[in-house]
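# Geometric and topological summary
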Protein chains: 4
Amino acid sequence: MSAVLAPAGGRAWNLLRRYEQCRRETLELIVGLSDADLTVQAMDDASPGKWHLAHTTWFFEAFVLARFEPVHRAFDPRYAYLFNSYYESAGARHPRPRRGLLSRPSLNDVLAYRRAIDDALFALLADDPDPAALALVELGIHHEQQHQELILTDLLSLFAQNPLRPTYLPSASAGASLALVARPPRGADWIAFRGGRCAIGRDDDDGFSFDCEQPRHEVLLRPYALSAHPVTNREWSEFIADGGYEHPMLWLAEGWNQARAQGWKAPLYWHGGADEPMQMTLAGDVPLDPHAPVCHISYYEADAYARWAGKRLPTEAEWEVAAAAQAVAGNFAQSGRLRPGAAALDGQTPLSQLYGDVWEWTASAYGPYPGFRPASGATAEYNGKFMCNQFVLRGGSCATPFGHVRESYRNFFQPHQRWQFSGLRLAEDR
Amino acid sequence: MSAVLAPAGGRAWNLLRRYEQCRRETLELIVGLSDADLTVQAMDDASPGKWHLAHTTWFFEAFVLARFEPVHRAFDPRYAYLFNSYYESAGARHPRPRRGLLSRPSLNDVLAYRRAIDDALFALLADDPDPAALALVELGIHHEQQHQELILTDLLSLFAQNPLRPTYLPSASAGASLALVARPPRGADWIAFRGGRCAIGRDDDDGFSFDCEQPRHEVLLRPYALSAHPVTNREWSEFIADGGYEHPMLWLAEGWNQARAQGWKAPLYWHGGADEPMQMTLAGDVPLDPHAPVCHISYYEADAYARWAGKRLPTEAEWEVAAAAQAVAGNFAQSGRLRPGAAALDGQTPLSQLYGDVWEWTASAYGPYPGFRPASGATAEYNGKFMCNQFVLRGGSCATPFGHVRESYRNFFQPHQRWQFSGLRLAEDR
Amino acid sequence: MSAVLAPAGGRAWNLLRRYEQCRRETLELIVGLSDADLTVQAMDDASPGKWHLAHTTWFFEAFVLARFEPVHRAFDPRYAYLFNSYYESAGARHPRPRRGLLSRPSLNDVLAYRRAIDDALFALLADDPDPAALALVELGIHHEQQHQELILTDLLSLFAQNPLRPTYLPSASAGASLALVARPPRGADWIAFRGGRCAIGRDDDDGFSFDCEQPRHEVLLRPYALSAHPVTNREWSEFIADGGYEHPMLWLAEGWNQARAQGWKAPLYWHGGADEPMQMTLAGDVPLDPHAPVCHISYYEADAYARWAGKRLPTEAEWEVAAAAQAVAGNFAQSGRLRPGAAALDGQTPLSQLYGDVWEWTASAYGPYPGFRPASGATAEYNGKFMCNQFVLRGGSCATPFGHVRESYRNFFQPHQRWQFSGLRLAEDR
Amino acid sequence: MSAVLAPAGGRAWNLLRRYEQCRRETLELIVGLSDADLTVQAMDDASPGKWHLAHTTWFFEAFVLARFEPVHRAFDPRYAYLFNSYYESAGARHPRPRRGLLSRPSLNDVLAYRRAIDDALFALLADDPDPAALALVELGIHHEQQHQELILTDLLSLFAQNPLRPTYLPSASAGASLALVARPPRGADWIAFRGGRCAIGRDDDDGFSFDCEQPRHEVLLRPYALSAHPVTNREWSEFIADGGYEHPMLWLAEGWNQARAQGWKAPLYWHGGADEPMQMTLAGDVPLDPHAPVCHISYYEADAYARWAGKRLPTEAEWEVAAAAQAVAGNFAQSGRLRPGAAALDGQTPLSQLYGDVWEWTASAYGPYPGFRPASGATAEYNGKFMCNQFVLRGGSCATPFGHVRESYRNFFQPHQRWQFSGLRLAEDR
């Protein structure tokens, strides 16, 4: 693609390089997967991989090409219906629970769609692009990164429901990453913070952020402490052994009802019981790593664990204030491990595994910051309309592309959902 | 009952008088209702009136008598199973959606249960009562007041589903209260507040409050303004006429799905269309009062209206800070009107109808205040375990007993629920 | 009522006496029941007692008075909507699953409705009545008898779901009927029939019958035998003990799915396990009578039992041919027992308990006889439109009014339904 | 494969040739389909094509190889769980609604499975095979033919739900078969039959049949007539135009509820309305052929149409007696048309299109014939356990392999199901 790229302005040039990289990284995720693997929808919450490939492409077509090309000819006018996710302003769309019925277009058709839109985007932006178009391309890149993670989480959901327990990762890389490291000795288990009047969130001139991270604003925090490490599988096993899933007094009422109705006895993807605990992962079925952060838990479970431990979940403001002092580094998707691991021995940061490994549930309902204004135009629907019955998660996971998250980044899911790489870190008052 | 009352200490004496009054007021609510009216469960969210009568009684039996009587003999040992609402620590219980199957015990049996528990409570507390018992009696009185409102909301839900449209209020009182008063001219439509560092919530020594109102703590508020009056039926009709229920861009995603799935076109209990708008009320089917606050709307609808109006819902902190300056007065249940009405002509308060008439949805998800600790003992389950997927409402309604609410009072319901007397007041940034 | 009755023609006179008796017997069923008992709907399949009282009355109003009175004024024009069961030709109607929401009209209102229609009917028919009207009155009497049984089955369903296990029968009568009699010695356990070309069904001049029993027609039967007695509780206990509910090979596929989904381990209303087997009845919770016919089983269970026993269910033709030789006698509702009992010692009939005690499931899907024509007019909907996915039961039960059934009588229910007084008798080829 | 085939006995040789042909014909059906097309499950009632390919193979492995090979090594021991359909005696199995989650094994894996079982079967049977094994192979061939039809019906169901409306048939063959022929003039529209004592069904020595077709037995039939042709699309359009889907009096009660709940306005796969009627077929979206038999209707619709026409559906005995006089010929799958067509001009048979084109719903509930005995062994589950809440269809369809059906062949589906190639022929009494 780069051959067609004329030396546009610096920002455009840079952006297109990032675009190219992002698009290529998406394709790298599907190496070894069949059209069938990428067509099936494992559950209503998940989408087929092929749908992610096409939807992220449609995003660029609908929000950039269709608006900024002098004359836009749709690649296939029916794709807008098929691959619009939830943008009411972009017209009617295929119902979400029926995404898995689309054996056509084929994977090859979708890959051709990607190439065609890539070409058109490069052509459009090569020559004196509209800054508004560039801003939407940047949004589209971040958007595609989110779907890169979803391709992985949704695929794991599919493979975990297949009695054959397929393996996504080549076994060599899986074997390598299975070399466990002991949990490091630590000087302190709790890191204290003073609280007070603190600023969180982000403004436009702080670099890219989603509208829901804005505006930067002040909050009042009481003194608090965060656990130096996320809760591990070993610690979670103690919770189970102590009847954590059997004592309603530990649970939110809704959580208890959900746990009963679904028969929850352990995190999602755990099986084999206490004697031979196993976990389905993208490297297939592997023995449970006791020192890795617990993963694939709902908010309800995180909250129950914290109550059992006599602690609480941090608020998102507490998390962000603590995180502001640390660089973004950790076990992200680029490590190739694609599952949480034990902390490295040489951890230098006070809060271990704050970024990467597992998203950390916070006690904060996902809502608008004071003065929040949704993005203008069609992308107004990107975040704001979901600010209800969801909880904020922070820090990214082993399936998150490196570079995607930052300390102000707000991920959000419904409290019963477990198929994301979600874990927790405890907090307490000081 | 008072004949059996020995002159105990002042606090006990006073409390028992309030107990007696509260229990009597509950019975006054069911005058004119049959055993059948009080047995049927209109929907899973609602409970039968008879169940409310017995449950509030069981609350005193289980949490006061069973703990503080030297030897407690259960009135009927099976009632604990039937009338425990959601207290896991109090043992197994009849499933909520099956409360409406209990044609037995009869209404007379339940009234006998009430009398027996009243007598036992007076006997227990007449002579040197344990302060802990008194505290639980006080909690039980506030608890019963909450159920007084639910008796009314649940009955309206039942009668509204009956094609005969029965009338709860004697027609005389209904007629009297139908004398509408014009909406008063007002000097200002918006009341501004400075914000800054403000305290909300309540501590133990501020008088009775539920645990979820505690502790008193500081919040940071930006300058803001509240509408001087709640949104009225006339204003809501404009929202409808302008396609408010047809434009997805106005709605939260979940709200839009809910509105579509349920076919919402207007608030609950409205019918007759724009030409002859009617509203089912406790006074039967009556013409819609254009100047009364809109009522029986979900959070989703309140939020959509605010977006349509270019405003937003207030946070609960904004509401409470504003309310702290006003006395608690308004159209409560004692007025006998039992439906929202137009504002009085002589309104002196800056914020009209802040208390009573309709509960006002706020933008705040119901969660724990910083430093929140659930009440100890069984009543730990009273509030804390519901802090998930609910939104806070403030101010009380026309069905709330006067004296029950205060500026720090936090009511909460799920965002799709509409059968409470719920309305809204707009806010904006300043 | 009889005072107003002029000496009309013999048929009319006789019919009105039967009408009077039928209506009175209905009222006798509700002695001791409250408005609440008669208002609640225990499940979608069942209807409230009050609804039965009103619906049977509406039947006479809609199909006799409204058509044959010179000027008919509806008792309450809204009742047609409330109490129409399933007659599409009679207009819109209240949805069946919402019948239990009708706390109004009150029981007193419904009783007044019954009296008013009785009076009007007597007035109409006293003087030279139209034969078509008389035919519909006769149909209405048989219709009301069907609902008499449903009042009892639906009440048992309600009381059985109440943890208080209320008792419908006065304890004296219950006690009396508990005097068990030993199962009689019998000369033969199987009664053989030759089969061949046999006639079943009924024609108009054979006396009253429902349209679905017509026309009389010939069938070819192979030689067969019927068990001399219905399957008893003791025999059913052996089926349970032998794993009858655990072996899928005994079951129809749909039956097995249903049994798994519902967790069936025994007939409906059994509890207490094998050691202390109990059964909820209209006489309250009583020890299981080992010699009484098994009752409250689905078609699926009856079919599985027959397969386990190495036998089969009889077809309805086999049943009717066998029954034609026996008089209609047995434990019907008039015995006051209202639950199946052990066979009498002095049984003279070859097939014991063929009538009364329990409806006997047959292997025959409910369908039209050759040459079947639905009744003309509105009552065309009475039977024909249900000829799908139902199975025929024969012989009446302990809750059926004596005089209601005959050898050609076809009752029908869906194969999963268990709340009727349904049992089985085995058959085999000869 | 034939190279490995030693000259065994005549029956074995002949059977293996038929086996080979059947297996090859199955594979011909999937030419042009992708792994994705064959992986997705369009609805719970349907199965993925890949599942059909594997299940029919497992049938031979489980019921022939595993029993008759001296030492059987499973191709993959996990496949028994994945590809057992409903045989309780064959062990646990993957839940039917989750068949569409199996992106693995891949299509190539499944094809390898087919080849391996083919080879093993040939090896087993080449040399002096057990007659019981041969009988099961024959059953397996007929079984695979049933699944050949299901591959087509299930694929159409999938493609019809895809907004892209994919085409299964190569357009050339589709175009050719679109050459419509006018409906032939006919001497008579009704063909009369005398009835009386007639024999239906089949005995073992009549050649292969399923157990449910046995035993041959006598029935009594009244004189009747069958329509000379199945109901056509044009006739069905008149039913629609006359409000057939709007008049509840035409419908069975369950059918009406179903039609309302699903919003039925026309047969499945019809769209475009009366002005430009279109039908989704295996040749893609094509204009509705007015002279072709109506197809993809439920029993409920067939029954309603018959009532509207003043006729009725034939019983299965009436159909079979009439069919016995005609040779099995018609538009079967081998024609390559794969959709119903207008009758040929040169029709010589009295009953046109009796075989092929569309399965014809009969009025007969699917039940056991007198003296029915299920097949012995595991295949006892093949038919008998489905004899409940299903109706019999006769005659085969355009998707049925030629040679699969005969006059005694009983197909059966639930009355609400529409995705099969199902139509109807009228009957009347004479």
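Quick look at the structure, then.

How each quantity is defined
- Residues numbered from 1 in each chain as written.
- Chains lettered and ligands numbered in written order.
- Predicted model: local features only at pLDDT ≥ 70, side-chain atom pairs only at ≥ 80, totals over all residues.
- Heavy atoms only, no water.
- Contact = heavy atoms within 4.5 Å.
- Buried area = accessible area lost by both parts, 1.4 Å probe.
- Salt bridge = Lys/Arg side-chain N within 4 Å of Asp/Glu carboxyl O.
- Least-squares fit on C-alpha atoms with pLDDT ≥ 70 in both.
- Axes fitted to C-alpha atoms, helices over the stretch in contact; angles between N-to-C directions.
- Helix = DSSP H or I, 4+ residues; strand = E, 2+ residues; numbered from the N terminus.
- Parallel < 35°, antiparallel > 145°, perpendicular 65-115°, else oblique.
- Left-handed = near helix turned anticlockwise from the far one by under 90°.
- Polar contact = N/O pair within 3.5 Å; in protein donor to acceptor, adjacent residues only side chain to side chain.
- Nonpolar A, V, L, I, M, F, W, Y, C, P; charged D, E, K, R; others polar.
- Phe/Tyr/Trp six-rings, centres within 6.5 Å; stacked < 30°, edge-to-face > 60°.
- Buried < 20%, exposed > 50% of the residue type's maximum accessible area, 1.4 Å probe, protein only.
- Lys NZ or Arg CZ within 6 Å of the ring centre and 35° of its normal.

## Here's the deal with the interface of chain C and chain D
Listed as interface residues are 33 residues of chain C and, on the opposing side, 33 residues of chain D. Here chain C packs against chain D, burying approximately 2,600 Å² in sum over the two surfaces, 59% of which is carbon and sulfur. The largest share of the area that chain C buries against chain D comes from C:Leu220, C:Arg222 and C:Asn389, three residues that together contribute 22% of it. Inspection of the chain C/chain D interface yields 2 salt bridges.

## A word on the relation of the copies chain A and chain D
Think of it as a corkscrew move, a rotation about one axis and a shift along it, taking one chain copy to the other. Under the fitted operation, chain A is carried onto chain D by 0.0 Å of movement along the axis and a turn of 180°, and the coordinates agree to an RMSD of 0.0 Å. Interpreted geometrically, this transformation is the action of a two-fold axis. Residue A:Ala36 of chain A places its C-alpha closer to the rotation axis than any other residue of that unit, at 2.0 Å. The fraction of interface residues of chain A whose copies in chain D are also interface residues reaches 100%, indicating that both copies meet through the same surface.

## Some remarks on the relation of the copies chain C and chain D
Mapping chain C onto chain D leaves a residual RMSD of 0.0 Å; the transformation is a rotation of 180° accompanied by 0.0 Å of translation along its axis. Take the interface residues of chain C: 100% of them recur as interface residues in chain D, which is what a same-surface contact looks like.

## As for the packing of helix α2 (residues 49-68) of chain D against helix α4 (residues 107-126) of chain D
All names here are of chain D. For the pair α2 and α4, the least separation of the axes is 10 Å and the interaxial angle reads 30°. Relative to α4, the element α2 is oriented roughly parallel. Our pair here, α2 against α4, has a crossing hand that is left-handed. Taken together, the residues of α4 that come into contact with α2 (itself represented by Lys50, Leu53, Ala54, Thr56, Thr57, Trp58, Phe60, Glu61, Val64, Leu65 and Phe68) are Leu107, Val110, Tyr113, Arg114, Ile117, Ala120, Leu121 and Leu124.

## Here we look at the interface of chain A and chain D
Buried accessible area, meaning the area lost when the parts come together, often serves as the stated size of an interface. Tallying the contact residues gives 28 residues for chain A and 28 residues for chain D. Summed over both sides, the interface of chain A with chain D buries roughly 2,200 Å², with 59% coming from carbon and sulfur. Together, A:Leu101, A:Arg104 and A:Leu164 form the three largest contributors to the area buried by chain A at its contact with chain D, with a combined 31%. Where D:Asp37 meets A:Arg104, a salt bridge forms, and the shortest distance between an N and an O atom there is 2.7 Å. Linking chain A to chain D there are 8 residue pairs in polar contact (both at pLDDT 80 or more). Of all elements in the fold, only α3 (79-83) and α5 (131-160) of chain A reach the threshold of two or more residues within the side of chain A that touches chain D. The residue makeup of the side of chain A that touches chain D, split by class, is 14 nonpolar, 9 polar and 5 charged.

## So, the packing of aromatic side chains
One pass over the structure, following the stated rule, counts 140 aromatic pairs over all chains. For the pair B:Phe75 and B:Tyr79, a centre-to-centre distance of 5.8 Å together with 45° between the ring planes defines the contact as tilted. Residue class for B:Tyr79 comes out buried when judged on its relative accessible area of 4%. Aromatic pair C:Tyr19 and C:Phe60: ring centres 4.9 Å apart, planes at 85°, arrangement edge-to-face. One end of the pair, C:Tyr19, is in helix α1 (residues 10-29); the other, C:Phe60, is in helix α2 (residues 49-68), with 41 residues separating them in the sequence. Exposure class is identical for C:Tyr19 and C:Phe60. Each is buried. Across the ring face of A:Tyr369, the terminal group of A:Arg410 is positioned such that the distance to the ring centre comes to 4.0 Å.

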